[in-house]
Amino acid sequence: MKKLTSPQRLQALMLSLKKKGKTIAFVPTMGFLHAGHLRLMAMARQKADVVVASIFVNPLQFGPQEDFSIYPRDLKADLKKLSSQAVDYVFLPKASDLYPKNFQTTVQLPLLSQDLCGLARPGHFTGVATVVLKLFHIVQPDIAIFGKKDYQQYLLICQMVRDLNLPIRIVGAPLVREKDGLAMSSRNVRLKPEERELALSLSRALFIAKKQVKKSMSSAALINVVRSEFVKNPAFQEEYVAIRDSETLAKLYHYEPRKTLIAVAVQVGKVRLIDNIVI
Ligand code: AMP
């Protein structure tokens, strides 16, 4: 596995591989890798000749009060995990490589960005879209893989690719959970043991909703099912519980089989957690 930090060098290398007819699959990450990330790498390995991963904690997608400086990092462990997945290249840019002085261009998706997670995190999705478009230009992938753990992000990237006619196929990877149901996340390490236990209510609420959902049930009733699990847990600060169309993120007023996304965000102690399920 080759490590590269220079955007120019990686881009030149990728262009030369493409000239030789190689296909490229790309998995962007912020590191502190877990089994969910590695599933994305394994998918990439099956889909192209060359697999590129990136590790970059993108300052542009964190608000001033958010956890950029304490976001978990462990480069040594990450590199070991990536080489075990037969990743060919890992891109490790510095912030100053991607955002040199006087950097000013951003990518805005005003509708998708100002909904759900975007309401509590203004500027977050502009930061995401901007860094992903930059990474796409540097890596020149044929395929890029995004996890449905970050469902809104996945739809946002699909929308950007359509809007800007990017010649890239976006693949959405299923959400990977711990054995007890908690959605895997780099941020889970910041949960104290008792918070880790409480956090299980998040996935539990989604599984209960999946079990209790009935034909043409109203979204309000479905939200109540989720909330009735949340209220058992006073340590939870709910940010949102939303019932949406899983393809467009449009509001749904009634359950529609197989296309109903339940998306939730809560704060447990100092950690913000998200989860979702399509039912
Ligand atoms: P992050 O490092 O959190 O920015 O995530 C990098 C990529 O891994 C994104 O496409 C995420 O959606 C995906 N990812 C993170 N956690 C999971 C998970 N538990 N299951 C599936 N994909 C995930």
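The present account deals with the structure reproduced in this document. (Residues numbered from 1 in each chain as written. Predicted model: local features only at pLDDT ≥ 70, side-chain atom pairs only at ≥ 80, totals over all residues. Heavy atoms only, no water.)

### Some points on the site of the ligand
The condition is simple: The nearness test applies per residue and asks whether one of its heavy atoms lies within 4 Å of the molecule or strand. For the purposes of these results, a polar contact is taken to be a pair of N or O atoms within 3.5 Å, where, inside protein, one atom must be able to donate a hydrogen and its partner to accept one; residues adjacent in sequence count only when each atom of the pair is a side-chain atom. Note on areas: Shrake-Rupley, 1.4 Å probe, and residue coverage restricted to the protein chains presented here. Only Asp, Glu, Lys and Arg are considered charged, only Ala, Val, Leu, Ile, Met, Phe, Trp, Tyr, Cys and Pro nonpolar, and every remaining residue, Gly among them, polar.
The full set close to the ligand counts 16 residues, and Met30, Gly147, Asp150, Val176 and Met184 are the nearest of them. A distance of 2.8 Å is found between an oxygen atom of the ligand and a backbone nitrogen or oxygen belonging to Gly147. At 2.8 Å from a nitrogen atom of the ligand is found a main-chain nitrogen or oxygen belonging to Val176. For the ligand, whose free accessible area comes to 480 Å², the fraction covered by protein is 93%. Considering only residue class, the shell around the ligand consists of nine nonpolar, five polar and two charged.

### A few points about the packing of helix H7 (residues 124-139) against helix H8 (residues 151-163)
Spelled out, the test is: In this analysis an axis means a line fitted to C-alpha atoms, helices contributing only their contacting stretch, and an angle means the value between N-to-C directions, from 0 to 180 degrees. Runs of E in the DSSP output that reach at least two residues are strands. Runs of H or I that reach at least four are helices, and both are numbered from the N terminus. For classification purposes, an angle smaller than 35 degrees is called roughly parallel, one larger than 145 roughly antiparallel, one from 65 to 115 roughly perpendicular, and anything else oblique. Take the far helix as the reference: if the near one is turned anticlockwise from it by less than a right angle, the crossing is left-handed, and if turned clockwise, right-handed. Contacts are residue-level and defined by heavy atoms, with any inter-residue pair within 4.5 Å sufficient.
Contact geometry of H7 with H8 gives a least axis separation of 11 Å together with a crossing angle of 55°. Considering the angle they form, H7 stands oblique to H8. Remark: the crossing between H7 and H8 carries right-handed chirality. In this structure, H7 uses Phe125, Val128, Ala129, Val132, Leu133 and Phe136 to contact H8, whose residues at the interface are Gln152, Gln153, Leu156, Ile157, Met160 and Val161. Here the contact of H7 with H8 is composed, by residue class, of 10 nonpolar, two polar and no charged.

Nothing here speaks to function; it is geometry throughout.
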